[in-house]
Amino acid sequence: MIVKHLDDVIGTAADVDTEGWNSRRLIYKDAGVGYSVNDTIIKPGTEHEFEYKNHFETVYCIEGEGEIVDLATGVTHPIRPGTLYCLNQHDRHILRANKGTHMRMVCVFNPPLTGREVHDQTGAYALAD
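What this report covers is the structure whose coordinates are included nearby. (Residues numbered from 1 in each chain as written. Predicted model: local features only at pLDDT ≥ 70, side-chain atom pairs only at ≥ 80, totals over all residues. Heavy atoms only, no water.)

## Things to note about the pattern of salt bridges
And then number 1: As enumerated under the stated definition, the model contains eight salt bridges in all.
And then number 2: Where Asp39 meets Arg104, a salt bridge forms, and the shortest distance between an N and an O atom there is 2.5 Å. Remark: Arg104 occurs in strand β10 (residues 103-110) and Asp39 occurs in strand β3 (residues 36-42); sequence separation between them is 65 residues. Comparing Asp39 with Arg104 shows no difference in burial state: the two are buried. (Salt bridge = Lys/Arg side-chain N within 4 Å of Asp/Glu carboxyl O. Helix = DSSP H or I, 4+ residues; strand = E, 2+ residues; numbered from the N terminus. Buried < 20%, exposed > 50% of the residue type's maximum accessible area, 1.4 Å probe, protein only.)

## Topic: the pairing of strand β6 (residues 66-70)
And then number 1: Pairing analysis gives four bridges linking β6 to strand β7 (residues 76-79), with the strands arranged antiparallel. Directly across from Ile68, in β7, lies its bridge partner His77.
And then number 2: With antiparallel pairing between neighbouring strands as the criterion, β6 and β7 make up a hairpin whose turn holds five residues, including Gly74 at a positive phi of roughly 80°.
And then number 3: Here β6 pairs with strand β9 (residues 93-97) via five bridges, running antiparallel. Bridge assignment links Val69 to a residue of β9, and that residue is Ile94. (Pairing = 2+ DSSP bridges.)

The following block contains the structure:
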């Protein structure tokens, strides 16, 4: 059994902080469960273009507001607490947090992240060996 609290992760190597987002890696590849779970903050007023070519991701918003744009269709979906989206086709997308508010998201990745990834130039995470 694995039991953690967010306080156990903040300030450790599993707390990946960038200019636009902060991802606290709670469960990652070394847990051996086949997925990873992150508590991620999208910083206020930031915009990110992502395409997880090597992973499926499901995201559940628990704080803040923003939007996600499906770049294949051009459709924009609002995000607020209680919104879930699943990138089940490795969907290229833009994620925006509204100005003045961050978005706090619970993110599940399959295959799991190793815990220290940052996005490459295409907006993807590399696939772990």
